[in-house]
Amino acid sequence: MKVSRIFRETIGSGFAARAALLFLVVGTAALACAQNGAMSPYQGESDGVSAGGQWLEFHSTDKMTGTNDVRFELRSNNYFREDPDYKPRVVLFCSDGKLKLGDFNPGVRLPPPNRPGFWGQPQLQVMVRIDDTHYFKGWNWMRGHFLSMDKGTVRGMIGAQVFNVELPTRSGRQIAEFSPSGLNLDRIRQACDLTPKKPSKD
């Protein structure tokens with residue numbers, strides 16, 4: 001009777017130890033994945049894989065048209081004062097082999113637009129640095145949460161070592177600092193029909 005009870009306790013403790021170990025391994029893997037930013041927040045989109053350097057690449061298929069959608073994401077090296085848990089990021093949305101949208105998401109609520117675009121659309125003026133070139137751009141202001149980047153800046157960024165964006169925020173002017181080097185240029189050309197181009201101030 002005593003032996004039987006000891007045997008059951010040994011088996012039970014062994015099972016508990018194995019369960020705890022399994023929980024620890026799975027939890028550590030999930031945490032590592034989350035820290036690398038590879039988990040997709042969108043339903044129907046695959047988790048991210050490295051696209052070279054600090055870039056992540058995500059894939060999905062449009063349920064109605066069947067087109068292949070690819071999203072490239074680059075997070076900044078720093079964060080803005082308002083939210084130390086969310087780094088600014090650049091996101092390139094590509095569909096059916098073409099760039100559809102290049103977003104700059106500061107991770108904080110934007111101030112009101114400060115200039116009109118060519119068609120009268122609301123824009124926010126930002127200063128852009130690509131390697132040793134800097135210039136001002138008006139980017140379309142999208143509901144106060146992100147800015148739509150121009151294609152020329154996107155093409156300059158993907159071939160650069162340094163990409164910085166300075167913009168007004170509710171805490172004053174701040175700079176998002178990115179390291180875009182290392183991106184697999186063959187992948188971005190295939191998925192988005194994008195090739196690097198030296199930046200232009202026009």
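What you see is a predicted model, and the numbers here were worked out from it, not measured in a lab.

Enquirer: Any chance you could explain the overall build of the protein here in plain terms?
Expert: Counting its regular elements, the protein contains three helices and 11 strands. Along the chain direction, N to C, the helices and strands of the protein fall in the order α-β-β-β-β-β-β-β-β-β-α-β-β-α. Buried positions account for 34% of the 202 residues belonging to the protein. Relative to all contacts within the protein whose residues are 6 or more apart in sequence, the contacts with residues 24 or more apart total 48%. Total accessible area computed for the protein in this model is approximately 12,100 Å², and 57% of it derives from carbon and sulfur atoms.

Enquirer: Can you walk me through the environment of proline 106 in this structure?
Expert: Tracing the sequence through the fold places proline 106 in the loop between β5 (98–105) and β6 (115–116). Beyond its immediate chain neighbours, meaning those up to four positions away, proline 106 contacts Phe80, Pro88, His145, Phe146 and Leu167.

Enquirer: Just to check I follow, could you spell out the pairing of strand β8 (residues 133–142) for this structure?
Expert: The side chains of a regular strand alternate between both faces of the sheet. Bridge count for strand β7 (residues 122–130) against β8 is eight bridges, and the pairing is antiparallel. Bridge pairing in β8 places arginine 129 opposite histidine 134. Taking the residues between adjacent antiparallel strands as the criterion, β7 and β8 are bridged by two residues, where aspartate 131 takes a positive phi near 55 degrees. Of the strand pairs in this sheet, β8 and strand β9 (residues 146–148) are connected by three bridges, and their pairing is antiparallel.

Enquirer: Explain the side chain of serine 95 to me, please; I cannot follow it from the model alone.
Expert: Relative to the assigned elements, serine 95 resides in strand β4 (residues 89–95). With a relative accessible area of 15%, serine 95 lands in the buried category. What serine 95 contacts, discounting residues up to four positions off in sequence, is Thr67, Asn68, Asp69 and Lys100.

Enquirer: What's the story with the confidence of the model for the protein in this structure? I'm lost.
Expert: Low pLDDT marks stretches whose predicted atomic positions should not be read closely. The pLDDT averaged across the protein works out to 84; a share of 80% of its residues lies at or above 70. Segment residues 2–11: pLDDT under 50, and zero contacts once partners within four positions in sequence are set aside and those in other chains are kept. Counted against residues more than four places away or in other chains, residues 15–35, with its pLDDT under 50, gives four contacts.

Enquirer: Please clarify how the state of the cysteines should be interpreted in this entry.
Expert: When the sulfur atoms of two cysteines share a covalent bond, that bond is a disulfide. Taken as a whole and assessed by the stated rule, the structure comprises one disulfide. A disulfide bridge connects cysteine 94 with cysteine 192, and the sulfur atoms are separated by 1.9 Å. For the disulfide bridge between cysteine 94 and cysteine 192, the dihedral angle about the S-S bond is near 95 degrees, and by the sign convention the bridge is right-handed. Of this pair, cysteine 94 sits in strand β4 while cysteine 192 sits in helix α3 (residues 185–192), placing them 98 residues apart in sequence. Side by side, cysteine 94 and cysteine 192 carry an identical accessibility label, which is buried.

Enquirer: Quick question: what am I supposed to make of the packing of aromatic side chains here?
Expert: For any pair of aromatic rings, geometry is given as the distance between the ring centres together with the angle between the planes. Applying the stated criterion across every chain yields a total of four aromatic pairs. Measuring from centroid to centroid gives 6.1 Å for phenylalanine 104 and tryptophan 139, while their planes differ by 50 degrees, and the two rings are tilted. Remark: tryptophan 139 occurs in strand β8 and phenylalanine 104 occurs in strand β5; sequence separation between them is 35 residues. Judged by its relative accessible area of 0%, phenylalanine 104 falls in the buried class. Residue tryptophan 139 is classed as buried on the basis of its relative accessible area, which comes to 0%. Ring geometry for phenylalanine 118 against tryptophan 119: centres 4.9 Å apart, planes inclined by 90 degrees, an arrangement best described as edge-to-face. A relative accessible area of 75% means that tryptophan 119 is categorised as exposed. Ring-pair connections join several aromatic residues into one group, and the members of that group are Phe104, Trp139, Phe163 and Phe178. Arginine 71 extends its terminal NZ or CZ atom over the ring of phenylalanine 58, reaching a point 4.0 Å from the ring centre.

What counts and how
- Residues numbered from 1 in each chain as written.
- Predicted model: local features only at pLDDT ≥ 70, side-chain atom pairs only at ≥ 80, totals over all residues.
- Heavy atoms only, no water.
- Helix = DSSP H or I, 4+ residues; strand = E, 2+ residues; numbered from the N terminus.
- Buried < 20%, exposed > 50% of the residue type's maximum accessible area, 1.4 Å probe, protein only.
- Contact = heavy atoms within 4.5 Å.
- Areas by Shrake-Rupley, 256 points an atom, 1.4 Å probe, with all protein chains shown as cover.
- Pairing = 2+ DSSP bridges.
- pLDDT = per-residue confidence, 0-100.
- Disulfide = S-S within 2.5 Å.
- Phe/Tyr/Trp six-rings, centres within 6.5 Å; stacked < 30°, edge-to-face > 60°.
- Lys NZ or Arg CZ within 6 Å of the ring centre and 35° of its normal.

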